[in-house]
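A structural walkthrough
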Amino acid sequence: MSGDSSVATLLDMGVAALKAAGVENPRAEARLLLAYATGLDKAAQIRDPQTKVTTPQQHRYDGLVSRRAAREPMAYILGHREFYGLEFDVNPAVLIPRPETELIVERGSQLLAGAHQARILDIATGSGCLLVALLTSLPGSSGQGSDVSAPALEIAKANARKHGVDAATEFFLADWAKGIEGPFDLIVSNPPYIPHAEIAHLQPEVALFEPLMALDGGTDGIEPYKAMTPDLMRLSGPTTRILLEIGQGQENVLDAWFAQHGFVVGMHRDHAGIVRVLELCWPVTFDRSLHP
Ligand SMILES: C[S@@+](CC[C@H](N)C(=O)[O-])C[C@H]1O[C@@H](n2cnc3c(N)ncnc32)[C@H](O)[C@@H]1O
């Protein structure tokens, strides 16, 4: 593309390239990319479509359009994604936070409302979105996050700083929660839960660009839950609540698994009506010796 093109021309070219690549909302996304490349926001683009764009800005825009046409996720291109009303830094080392995961923050905030200095553990923290969102909505609480990916932990730390909760967080490079000391008031986790064979069939944004270790739940998608069960048992006390995101249709097998390990299991549905979060706790025991 040569220099001195107008906003309208660049937009049309971007829309055509994204449409041909199968991108779902080509106009909205081309506008975002044009805004990122030029600093002209959507309102400015609409107000004056004949504005000329400089040659370096055009080159930048072309590069961004090519990346998106190769189906790289917008969040990686722009470097951030909104989650629970907060902007999180993301890069290809971390899963892009999903709207359905906000259910854990909603339920966790309800459970801990009014708690004094609650302690939270986020196993497989990735971008840190769960831990950071919980800490920002629960002043006075503190938390730990674990992940096997060192680059992911760097992003989680940056997000904790960005949202002013770094003093209340510690991050650990760990296989699930091995080596972490409890107990915690709330344990949350959104582990990888996609059956290995299904990953190649996901949309290209996910299958080609998101980290395999953030997606791959082994043969049946439930291996990570099984692997972290000893940690969940060790780190939870009589009043601990555990919130786990699960994949569609995994609720019955996981209900049976956790019940078999002594937990009481509750379920929460997302806005699409899918059972998305399991809530675990230990059964309440009545000590007769204290109440003769
Ligand atoms: C589905 S992502 C979730 C990230 C983030 N909590 C969220 O909700 O967006 C799963 C995360 O699990 C991490 N992970 C995979 N295997 C792990 C293991 N054995 N121990 C700890 N973390 C692991 C991945 O690196 C990835 O960051």
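Note that the coordinates shown come from a computational prediction; the quantities given were computed from them, not determined experimentally.

1. Things to note about the sheet that holds strand β5 (residues 169-173)
- Taken together, 7 strands build an open sheet; the order of strands is β5-β4-β3-β6-β7-β9-β8 and the sheet is mixed. The outermost strands of the open sheet, each flanked by one partner alone, are β5 and β8 (264-269). Neighbour-to-neighbour, the strand axes of this sheet turn through a mean angle of 20°, independent of strand direction.
- As defined by bridge partners, strand β6 (residues 184-189) adjoins strand β7 (residues 236-245) across 5 bridges and the pair is classed as parallel. Each bridged residue has a counterpart across the sheet, and for V188 the counterpart in β7 is L243.
- Its contacts with the sheet place helix α11 (residues 223-235) against β3 (119-123), β6, β7 and β9 (275-281), and it is angled at close to 155° to β7.
- In the packing of helix α12 (residues 251-260) onto the sheet, the strands contacted are β7, β8 and β9, and the crossing angle to β9 comes to about 5°.

2. Overview of the nonpolar core
- Of all hydrophobic cores here, the largest spans 29 residues; its most connected members are L232 and F258.
- For this core, the elements supplying multiple residues, two or more each, are β3, β6, α11, β7, α12 and β9.
- At 4 residues, α11 tops the list of elements feeding residues into this core.
- Apart from the residues within four sequence positions on either side, L232 is in contact with I123, I187, I242, L244, F258, F263 and L280.
- The next biggest cluster of nonpolar side chains, apart from the first, holds 26 residues, and it includes F83, L138, F171 and L243.

3. With respect to the UniProt feature "binding site: S-adenosyl-L-methionine" (unreviewed entry) in the chain
- The positions that UniProt labels "binding site: S-adenosyl-L-methionine" (unreviewed entry) are, in the present scheme, D147, W176 and N190. Annotated residues spanning 44 residues; largest pairwise C-alpha distance 11.2 Å, indicating a single compact cluster.
- Position of D147 among the secondary structure elements: in strand β4 (residues 142-147).
- Looking at D147, the relative accessible area reads 12%, which means it is buried.
- When residues no more than four places from it in sequence are discounted, the contact partners of D147 are A124, T125, G126, A152, L153, F172, L173 and A174.
- Here T125 takes part through its backbone nitrogen, which lies 3.4 Å from a polar atom of the side chain of D147.
- Relative to the helices and strands, W176 is located in the loop between β5 and β6.
- Under the relative-accessibility criterion, W176 is labelled buried at 17%.

Rules of the game
- Residues numbered from 1 in each chain as written.
- Predicted model: local features only at pLDDT ≥ 70, side-chain atom pairs only at ≥ 80, totals over all residues.
- Heavy atoms only, no water.
- Pairing = 2+ DSSP bridges.
- Helix = DSSP H or I, 4+ residues; strand = E, 2+ residues; numbered from the N terminus.
- Axes fitted to C-alpha atoms, helices over the stretch in contact; angles between N-to-C directions.
- Contact = heavy atoms within 4.5 Å.
- Core = buried A, V, L, I, M, F, W, Y, C linked by side-chain atoms within 4.5 Å.
- Buried < 20%, exposed > 50% of the residue type's maximum accessible area, 1.4 Å probe, protein only.
- UniProt positions renumbered as here; feature names shortened; annotations may be inferred.
- Polar contact = N/O pair within 3.5 Å; in protein donor to acceptor, adjacent residues only side chain to side chain.

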